[in-house]
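The chain contents come next:
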Amino acid sequence: LSVFQLENDGDALPTCYVNDSLIFARPRTAGGCVVTRDPWTTPLTEEGCQAVLGTGNASAVAVFIRRAIDEFFPDSVVESDAGLMGLAAQPPASLFLLAAALR
């Protein structure tokens, strides 16, 4: 899914059609570049963050946050699962703000 689709109820970009048929691009798999709503596999990018936040699922957001902690703050430890779930229930609106909240 594209960020456009996530922000527009699954609709594709109007320019993605040829003769009224949707054009599908081959996903890039090298480097984990495929953005999905799966918090375990989506890239730790702003697009991946928005995809997971868009699910509205605190458990999924918690998985994404834990992955972000492991990646961006490798020497850190989550001391409270309740605190993590509290943050996931009302997460910052962007990856930048999430990183700032985790510092």
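Please refer to the structure placed before this passage.
Residues numbered from 1 in each chain as written. Predicted model: local features only at pLDDT ≥ 70, side-chain atom pairs only at ≥ 80, totals over all residues. Heavy atoms only, no water.

1. What about the pattern of salt bridges?
Here the idea is simple: oppositely charged side chains can pair when their charged atoms come close. Condition: One side-chain nitrogen of Lys or Arg within 4 Å of one carboxyl oxygen of Asp or Glu is enough to make a salt bridge. Every helix listed is a DSSP run of H or I at least four residues long, and every strand listed is a run of E at least two residues long, numbered separately from the N terminus.
One pass over the full model with this rule turns up one salt bridge. Where Arg66 meets Asp81, a salt bridge forms, and the shortest distance between an N and an O atom there is 2.8 Å. Of this pair, Arg66 sits in helix α3 (residues 58-72) while Asp81 sits in helix α4 (residues 81-89), and the two are 15 residues apart along the sequence.

2. What to know about α3
Stated formally: To estimate how far a helix should reach, multiply one less than its number of residues by 1.5 Å. Burial classification: accessible surface area is computed with a 1.4 Å probe over protein chains only, and a residue below 20% of its type maximum counts as buried, one above 50% as exposed, and the rest as partly exposed. By definition, residues are in contact when any of their heavy atoms lie within 4.5 Å. Residues adjacent in sequence count toward polar contacts only when both atoms are side-chain atoms; beyond that, a polar contact is any pair of N or O atoms within 3.5 Å, and within protein one must be able to donate a hydrogen and the other to accept it.
The end-to-end C-alpha distance of α3 is 20 Å, a good match for the 21 Å that 15 residues give at a rise of 1.5 Å each. Along α3, the positions that sit buried rather than exposed are Ala60, Val61, Ala62, Val63, Phe64, Ile65, Ala68 and Ile69. If you follow the buried residues of α3, they end up packed against α2 (46-53), α4 and α5 (95-102). Sitting at the head of α3, Asn57 places a side-chain oxygen 2.9 Å from the backbone nitrogen of Ser59.

3. Digging into the nonpolar core
Put simply, the rule reads: Residues enter a nonpolar core if they are buried and are Ala, Val, Leu, Ile, Met, Phe, Trp, Tyr or Cys, with the set joined through side-chain atoms within 4.5 Å.
Of all hydrophobic cores here, the largest spans 14 residues; its most connected members are Val52, Val61, Phe64, Ile65, Ala88, Leu95 and Leu98. Put simply, the parts of the chain that give this core at least two residues each are α2, α3, α4 and α5. Take this core: its biggest share by element is seven residues, from α3. With near-sequence residues (within four places) excluded, Val52 lies in contact with Arg37, Pro39, Thr42, Ala60, Val61 and Phe64.

4. Concerning the environment of Glu71
Secondary-structure assignment places Glu71 in helix α3. The spacing of Glu71 and Leu44 is 27 residues in sequence and 8.4 Å in space, taken between C-alpha atoms.

5. Concerning the packing of α3 against α5
Working note: a packed helix pair is described by the angle between its axes plus the distance between those axes. In plain terms, the rule: To define axes, lines are fitted to C-alpha atoms, for helices over the stretch in contact only, and angles between the resulting N-to-C directions are given on a 0 to 180 degree scale. The cut-offs work like this: below 35 degrees is roughly parallel, past 145 is roughly antiparallel, 65 to 115 is roughly perpendicular, and the gaps in between are oblique. Whether a crossing is left-handed or right-handed is set by the direction in which the near helix is turned from the far one by less than a right angle, anticlockwise for left-handed and clockwise for right-handed. Each residue gets one label: Ala, Val, Leu, Ile, Met, Phe, Trp, Tyr, Cys and Pro are nonpolar, Asp, Glu, Lys and Arg are charged, and the others, such as Gly, are polar.
Where α3 meets α5, the axes come as close as 11 Å, and the angle between the chain directions of the two elements is 70 degrees. On the basis of their axis angle, the class for α3 and α5 is roughly perpendicular. When you trace α3 past α5, the crossing you get is right-handed. Counted together, Phe64, Ile65, Ala68, Ile69 and Phe72 of α3 and Leu95, Leu98 and Leu102 of α5 form the full contact between these two elements. Here the residues of the contact of α3 with α5 sort into eight nonpolar, no polar and no charged.

6. Notes on the packing of α3 against α4
Relative to each other, α3 and α4 sit at 110 degrees, their axes nearing to 8 Å. Comparing their axes, α4 and α3 come out roughly perpendicular. Handedness of the α3/α4 crossing: right-handed. Seen from α3, the contacting residues are Ala58, Ser59, Val61, Ala62, Ile65 and Arg66; seen from α4, they are Asp81, Leu84, Met85, Leu87, Ala88 and Ala89. Of the residues that constitute the contact of α3 with α4, the class distribution is nine nonpolar, one polar and two charged.

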